[in-house]
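Structural features, examined
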Amino acid sequence: AEEQLRQSQKMEAVGQLTGGIAHDFNNLLTGISGSLELLTVRLEQGRLSELGRYVASAQAAAQRAAALTHRLLAFSRRQTLDPKPTAVNELVVGMEEMIRRTVGPAIEIAVRCSAELWPAIVDPNQLENALLNLCLNARDAMPDGGCVTIETGNLALDDAAARERDLPPGDYVSLCVADTGTGMTPDVIARAFDPFFTTKPLGQGTGLGLSMIYGFVRQSGGQVRISSELGHGTSMRLFLPRHHGRLEGDGDSRAAAAPPRA
Ligand code: ADP
């Protein structure tokens, strides 16, 4: 009976979700039809100078619809993960410039890399996507500018600390993206990982970013935590399982791979 209940709750969620997408699409299509209709009328009236406006708005709506399908496809394609030992500090530093350019000059980016950071075992491409996504969410939460702090750290979780985070006890690499933005209400925090949950205007948010990050991190054996204060900002913290052993390309392993000849 419990399984049945869970199943029917799942079906309900799927129903809500597809209903939501259908609704968004319908709105975009209505916009496109409306623009085309006006375009036809103006054309018949010979008011050619006004045509450009309607072409542009149809185009914009079509682009938003295309972006929505794009994200949907990326979401439905079961991402296959390719976890490997990953130097998270290097990954962050490697993306810093791109992130800076993407969020724009109104937002300051501070990177705090912990020294002696353990390697994590994670898919580096997915982690890059996640980091960029978190920074874009941070940007969206700071329309008047602000600061994003990206911080890494080692974290050893004992039984109690691990239980509190719903993780097995052990060593983790944490990657935190904190902003000085609007913050989130408890209700938004509770739903933030739900697929298609968004508070952003139509065409701007898909509500897939955090749910994809959550799926990827959980599949990797890690955890995602949100802490947020309304009016002050939000911290998104990823805990990634530690890789025990050396990283390829480390000084040590190179030395081991090519021992000095006697
Ligand atoms: P999207 O960004 O497309 O809305 P997400 O799944 O990434 O989808 O985020 C879901 C919602 O969580 C956002 O619409 C927003 O309300 C909230 N959110 C996410 N990150 C932040 C943040 N850094 N600050 C405030 N709210 C956030």
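Up top is the structure.
Residues numbered from 1 in each chain as written. Predicted model: local features only at pLDDT ≥ 70, side-chain atom pairs only at ≥ 80, totals over all residues. Heavy atoms only, no water.

Turning our eyes to something else, we now look at the site of the ligand. Around the ligand, a shell composed of 21 residues is seen, among which Asn137, Asp179, Thr198, Thr199 and Lys200 lie nearest. In this structure, Lys200 approaches the ligand through a side-chain N or O atom, which is 2.6 Å from an oxygen atom. Residue Thr234 places a side-chain N or O atom 3.4 Å away from a nitrogen atom belonging to the ligand. Notes on the ligand: free accessible area 530 Å², of which the protein chains cover 93%. Mapping the ligand onto the cavity grids shows that it belongs to the largest pocket. For the shell around the ligand, the secondary structure elements donating two or more residues are helix H4 (124–140), helix H7 (209–219) and strand E7 (233–241). Its residues placed into classes, the shell around the ligand shows nine nonpolar, ten polar and two charged. (Near = heavy atom within 4 Å. Polar contact = N/O pair within 3.5 Å; in protein donor to acceptor, adjacent residues only side chain to side chain. Areas by Shrake-Rupley, 256 points an atom, 1.4 Å probe, with all protein chains shown as cover. 1 Å grid on protein atoms, 1.4 Å probe; cavity = no way out; pocket = protein on both sides within 12 Å on 5 of 7 lines; lining within 4 Å. Sits in = over half its atoms within 2 Å of the grid points. Helix = DSSP H or I, 4+ residues; strand = E, 2+ residues; numbered from the N terminus. Nonpolar A, V, L, I, M, F, W, Y, C, P; charged D, E, K, R; others polar.)

Let us now look at the pattern of salt bridges. The full count for this structure, using the stated rule, is eleven salt bridges. Two residues, Arg47 and Glu50, come together in a salt bridge whose shortest N-O distance is 3.1 Å. Accessibility expressed as a relative area gives 37% for Arg47, which makes it partly exposed. On the accessibility criterion, Glu50 (17% relative accessible area) is buried. (Salt bridge = Lys/Arg side-chain N within 4 Å of Asp/Glu carboxyl O. Buried < 20%, exposed > 50% of the residue type's maximum accessible area, 1.4 Å probe, protein only.)

Here we come to the sheet that holds strand E2 (residues 107–112). A sheet is described by the order of its strands in space; here five strands give the open sequence E2-E4-E5-E7-E6, paired in mixed fashion. This sheet does not close on itself; its edge strands, each paired only once, are E2 and strand E6 (223–229). Looking at each pair of strands side by side, their axes are set apart by 15 degrees on average, direction ignored. Strands E2, strand E4 (146–157), strand E5 (170–179) and E7 of the sheet are contacted by helix H3 (residues 88–103), whose axis makes an angle of about 175 degrees with E2. Here H4 sits on the sheet in contact with E2, E4, E5 and E7, set at roughly 30 degrees to E5. (Pairing = 2+ DSSP bridges. Axes fitted to C-alpha atoms, helices over the stretch in contact; angles between N-to-C directions. Contact = heavy atoms within 4.5 Å.)

On to the pairing of E4, then. Pairing between E2 and E4: six bridges, direction parallel. Bridge pairing links Ala110 to Thr149 in E4.

To continue, consider the side chain of Ser211. As for its placement among the helices and strands, Ser211 is situated in helix H7. Looking at Ser211, the relative accessible area reads 9%, which means it is buried. Side-chain polar atoms of Ser211 contact the backbone oxygen of Leu208, separated by 3.1 Å.

Put simply, H4 and H7 touch, their axes get as near as 10 Å, and they point 145 degrees apart. Considering the relative orientation of H4 and H7, their crossing is left-handed. The residues of H7 that touch H4, namely those facing Gln126, Leu127, Ala130, Asn133, Leu134 and Asn137, are Gly209, Leu210, Ile213 and Phe216. When the residues that make up the contact of H4 with H7 are grouped by side-chain class, the tally is six nonpolar, four polar and no charged. (Left-handed = near helix turned anticlockwise from the far one by under 90°.)

This part covers H4. Think of an α-helix as 3.6 residues a turn; residues three or four steps apart then line up on the same face. Taking 1.5 Å as the rise per residue, H4 with 17 residues should run 24 Å; its terminal C-alpha atoms sit 24 Å apart, in good agreement. All of the buried residues along H4 are Pro124, Gln126, Leu127, Ala130, Leu131, Leu134, Cys135 and Ala138. (Expected span 1.5 Å × (residues − 1).)

Another aspect to go through is the side chain of Thr149. Position of Thr149 relative to the elements: it lies in strand E4. Relative accessible area serves as the criterion here: at 15%, Thr149 is assigned to the buried category. Setting aside residues up to four positions removed in sequence, Thr149 forms contacts with Ala110, Arg112, Cys176, Val177 and Ala178.

Soluble globular proteins tend to bury their nonpolar side chains together. Counting residues in hydrophobic clusters, the biggest one holds 37 residues, and the most contacted among them are Val88, Leu127, Leu131, Val148, Ile150 and Leu238. With residues up to four places along the chain from it excluded, the contact list for Val148 reads Ile107, Glu108, Ile109, Ala110, Cys135, Ala138, Met142, Val177 and Ala178. (Core = buried A, V, L, I, M, F, W, Y, C linked by side-chain atoms within 4.5 Å.)

A few words on the layout of surface pockets. Where empty space is left can be seen by rolling a probe of water-molecule size over the atoms. Taken as a whole, the largest pocket spans an internal volume of roughly 680 Å³. Around the largest pocket, the lining comprises 32 residues; the ones closest to its centre are Asn137, Asp140, Thr199, Lys200 and Leu210. Counting residues per element, the lining of the largest pocket draws most heavily on H4, at seven residues. In terms of residue class, the lining of the largest pocket is built from 13 nonpolar, 14 polar and five charged. (Points joined across faces, edges and corners; volume = space filled by probe spheres on them.)

With that out of the way, let us pick up empty space enclosed by the protein. One pass over the structure, following the stated rule, counts one cavity of 30 Å³ or more. What the largest cavity holds in volume is close to 40 Å³. Around the largest cavity, the lining residues are Asp24, Leu28, Arg64, Leu68, Leu202, Gly203 and Gly205. Among the elements of the structure, helix H1 (2–45) and helix H2 (51–76) are those that each provide at least two residues to the lining of the largest cavity. Looking at the lining of the largest cavity residue by residue, the class counts come to three nonpolar, two polar and two charged.

Any functional reading would require information that these geometric values do not contain.
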